[in-house]
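Spelled out from the first residue to the last, the chains are:
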Amino acid sequence: MANAVQAIGASKTYGEGRIAVQALKPTDLTIPLGQICFLVGPSGSGKTTLLSLIGCVLRPTAGRVVLFGDAVSERRERDLPDLRLALVGFVFQGHNLIASLSALDNVALPLRLTGTPSLEARQRAAHLLDAVGLGKELARKPAALSGGQKQRVAIARALVGTPPLLLADEPTASLDAAAGRHVVELMVELSRKMRVTPIIVTHDNRIFDLAERIVQLEDGRIVADSLTAAAGGAVGSAT
Ligand SMILES: Nc1ncnc2c1ncn2[C@@H]1O[C@H](COP(=O)(O)OP(=O)(O)OP(=O)(O)O)[C@@H](O)[C@H]1O
Ligand SMILES: [Mg+2]
């Protein structure tokens, strides 16, 4: 199977000298195309840092990050925004929707920014909102949506450009258990349908059964890495 993500000895140190913090120690991680991978671990263990390296938000201090065979860590800093647009859909802890725009226009926005004509962008946005169960709420602004609904709009926005990677950083943090589970179920289901590779950071062990693989971080390193029953029956080490 081809790989979506490879980190090869990738590390990240924030700051320099006496204030330097090595948030991620040299890390190897390979994620095959389409694998449903959760990143878990205590606060400060490096989950967001690792996700940021994979998402071309940060470049590693040392080591390499390869996405779909492309050594993105070797690209120039100024190329990172374009790489992100092409490769990554993000879902954050807060939904980061624009308050003055309808659900439809929020989802259409990434397409408009990359030059898709308005009508086509809105048609694709409507299709994605329908897929997350919000086909009747297209005209609503974020303030008129529940937390779970807002997070579903954020999922539609992340996927509307059909990026090959979907990265979510604690997408359930502001939701109750049922809404949180529903949001992650939707991400998993749409990822399978759209052939997207999702990587989801979560603290919520009640939804670990939705993962095919669970990578656990502690103190800036991977301390456990296992396939789950959802990975096709095989339970064991992933490396
Ligand atoms: N911009 C930064 N500058 C300096 N140190 C940072 C920065 N971002 C993170 N850190 C430090 O790096 C370490 C890892 O942080 P990271 O945000 O990756 O952890 P996390 O696992 O996502 O934690 P949480 O579950 O609380 O979100 C922590 O010690 C943190 O304080
Ligand atoms: Mg974090």
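Please refer to the structure placed before this passage.
From a predicted model like this one, the values you see are computed outputs, not experimental measurements.

Analysis parameters
Residues numbered from 1 in each chain as written. Chains lettered and ligands numbered in written order. Predicted model: local features only at pLDDT ≥ 70, side-chain atom pairs only at ≥ 80, totals over all residues. Heavy atoms only, no water. Helix = DSSP H or I, 4+ residues; strand = E, 2+ residues; numbered from the N terminus. Rg over C-alpha atoms; globule rule 2.2 N^0.38 Å. Buried < 20%, exposed > 50% of the residue type's maximum accessible area, 1.4 Å probe, protein only. Areas by Shrake-Rupley, 256 points an atom, 1.4 Å probe, with all protein chains shown as cover. Lys, Arg positive; Asp, Glu negative; His and termini not counted. Charge placed at Lys NZ, Arg CZ, Asp CG, Glu CD. Expected span 1.5 Å × (residues − 1). Contact = heavy atoms within 4.5 Å. Near = heavy atom within 4 Å. Polar contact = N/O pair within 3.5 Å; in protein donor to acceptor, adjacent residues only side chain to side chain. Nonpolar A, V, L, I, M, F, W, Y, C, P; charged D, E, K, R; others polar. Pairing = 2+ DSSP bridges. Axes fitted to C-alpha atoms, helices over the stretch in contact; angles between N-to-C directions.

1. A few points about the overall build of the chain
Thinking step 1. From N to C terminus, the chain includes six helices and ten strands.
Thinking step 2. Its C-alpha atoms give the chain a radius of gyration of 18 Å, within 12% of the compact-globule value 18 Å for 239 residues.
Thinking step 3. Principal axes of the C-alpha set define a box for the chain whose edges measure 50 × 40 × 35 Å.
Thinking step 4. A buried classification covers 48% of the 239 residues belonging to the chain.
Thinking step 5. Carbon together with sulfur atoms contributes 52% to the accessible area of the chain, which is approximately 11,200 Å² in total.
Thinking step 6. A distance of 4 Å separates the average location of the 26 positive side-chain charges in the chain from that of its 22 negative side-chain charges.

2. Describing helix H5 (residues 147-159)
Turn by turn, an α-helix covers 3.6 residues, leaving residues three or four places apart pointing in a common direction.
Thinking step 1. The first and last C-alpha atoms of H5 sit 19 Å apart over 13 residues, in line with the 18 Å expected at 1.5 Å per residue.
Thinking step 2. Burial analysis of H5 places twelve of its 13 residues in the buried class, the great majority of the element.
Thinking step 3. Residues of H5 that are buried include every one of Gly148, Gln149, Lys150, Gln151, Arg152, Val153, Ala154, Ile155, Ala156, Arg157, Ala158 and Leu159, and no others.
Thinking step 4. The inward-facing, buried residues of H5 contact strand E5 (88-91), helix H3 (103-113), helix H4 (118-131), strand E6 (165-169) and helix H6 (177-194).

3. Details of the site of ligand 1
Thinking step 1. Taken together, Tyr14, Ala23, Pro42, Ser43, Gly44, Ser45, Gly46, Lys47, Thr48, Thr49, Glu170 and His203 form the complete shell of residues around ligand 1.
Thinking step 2. With respect to ligand 1, the side chain of lysine 47 contributes an N or O atom lying 2.7 Å from an oxygen atom.
Thinking step 3. In the environment of ligand 1, an oxygen atom lies 2.8 Å from a nitrogen or oxygen atom belonging to the side chain of threonine 48.
Thinking step 4. The protein chains hide 59% of the 640 Å² of surface that ligand 1 would expose on its own.
Thinking step 5. A per-element tally of the shell around ligand 1 places helix H1 (residues 47-54) first, with three residues.
Thinking step 6. In terms of residue class, the shell around ligand 1 is built from three nonpolar, seven polar and two charged.

4. Notes on the sheet that holds strand E2 (residues 21-32)
Across a sheet, strands are paired by hydrogen bonds formed along the backbone, either parallel or antiparallel in direction.
Thinking step 1. Here three strands make up an open sheet; going across it, the order is E2-E1-E4 and the pairing antiparallel. On the outer flanks of this sheet lie E2 and strand E4 (62-67), each paired with one strand and no other. Across the sheet, the axes of successive neighbouring strands diverge by a mean angle of 15°, strand direction being ignored.
Thinking step 2. Set on the sheet, H1 makes contact with strand E1 (3-14), E2 and E4; between it and E1 the angle comes to about 125°.

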